[in-house]
Amino acid sequence: MECLKQWVCDVCGQVIGSPKDGYVVWKKDGLNNTHFAYRIYHKVICDNDDSFNYSSSLEDFLGEAGLAKLLTMIDAGKMHQPLYREQISNIRDFLEFFRRVQLPYYEEARLYWQDAIDDDYFADGNELWTYLPQNLKALIKLYGAKST
Ligand SMILES: [Zn+2]
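Described below are features of the structure shown in this document. Note that the coordinates shown come from a computational prediction; the quantities given were computed from them, not determined experimentally.

**Section: the coordination of the zinc ion**
All of the protein donors around the zinc ion are Cys 9 (SG), Cys 12 (SG), His 42 (ND1) and Cys 46 (SG); their distances to the metal are 2.1 to 2.4 Å. Between the four donor atoms coordinating the zinc ion, the angles at the centre fall across 97 to 119°, so the site counts as tetrahedral. Positions of the donor residues of the zinc ion, expressed as sequence spacing, correspond to C-x2-C-x29-H-x3-C. Across the pair, exposure class does not vary: His 42 and Cys 46 are buried alike.

If you want it as structure tokens, here you go:
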């Protein structure tokens, strides 16, 4: 898979070949006015679940502009929202999505994540080591070779 250019579709499990073919959907909790459940789909082909009431092009979350969008989703900042309020229902779920669209090698490494856990691959690494791009790249090299 091409790093930060291809993703695994959360509906069909097939590779989304380019950013323009991807689509992002998520939900909003009307009661708490917070967002949750981020999914990456094949545009048009797999995005037919009406329970997701927000959507955006996958391209909107990529690169520097995408980073700005993701940070604004966490907090719009003092100028636009003088009083801080939580906008994300579950920051861990949001960060999973954030890593998928911004952290080099993370999306492909996810394919081998459970195998790596089962092998205690992460046992000697701390919480930062686990997500460092060079370590994700090494994980892909190791487990990608095993699966072919
Ligand atoms: Zn799909």
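**Quick look at the packing of aromatic side chains**
Following the criterion strictly, the structure yields 16 aromatic pairs and no others. Taking the centre distance of 5.4 Å and the plane angle of 10° together, the rings of Tyr 38 and Phe 97 count as stacked. Here Phe 97 lies in helix α2 (residues 91-102) and Tyr 38 lies in strand β4 (residues 34-42), a separation of 59 residues in the sequence. The pair formed by Tyr 38 and Phe 97 is uniform in burial state, with each residue classed as buried. Taking 6.0 Å as the distance between ring centres and 25° as the angle between the ring planes, the aromatic pair formed by Trp 113 and Tyr 131 counts as stacked. On the criterion of sequence distance, the pair formed by Trp 113 in helix α4 (residues 113-118) and Tyr 131 in the loop between α4 and α5 (133-147) is long-range, its members being 18 residues apart. Given a relative accessible area of 23%, Tyr 131 falls into the partly exposed group. Put simply, the rings of Trp 26, Tyr 38, Tyr 54, Phe 61, Phe 94, Phe 97 and Phe 98 touch in pairs and so form one group of aromatic residues.

Quick notes on the rules
Residues numbered from 1 in each chain as written. Predicted model: local features only at pLDDT ≥ 70, side-chain atom pairs only at ≥ 80, totals over all residues. Heavy atoms only, no water. Donors = N, O, S within 2.8 Å, 3.2 Å for Na, K, Ca; no water. Tetrahedral: all angles 85-135°; square planar, octahedral: opposite > 155°, others 65-115°. Buried < 20%, exposed > 50% of the residue type's maximum accessible area, 1.4 Å probe, protein only. Phe/Tyr/Trp six-rings, centres within 6.5 Å; stacked < 30°, edge-to-face > 60°. Helix = DSSP H or I, 4+ residues; strand = E, 2+ residues; numbered from the N terminus.

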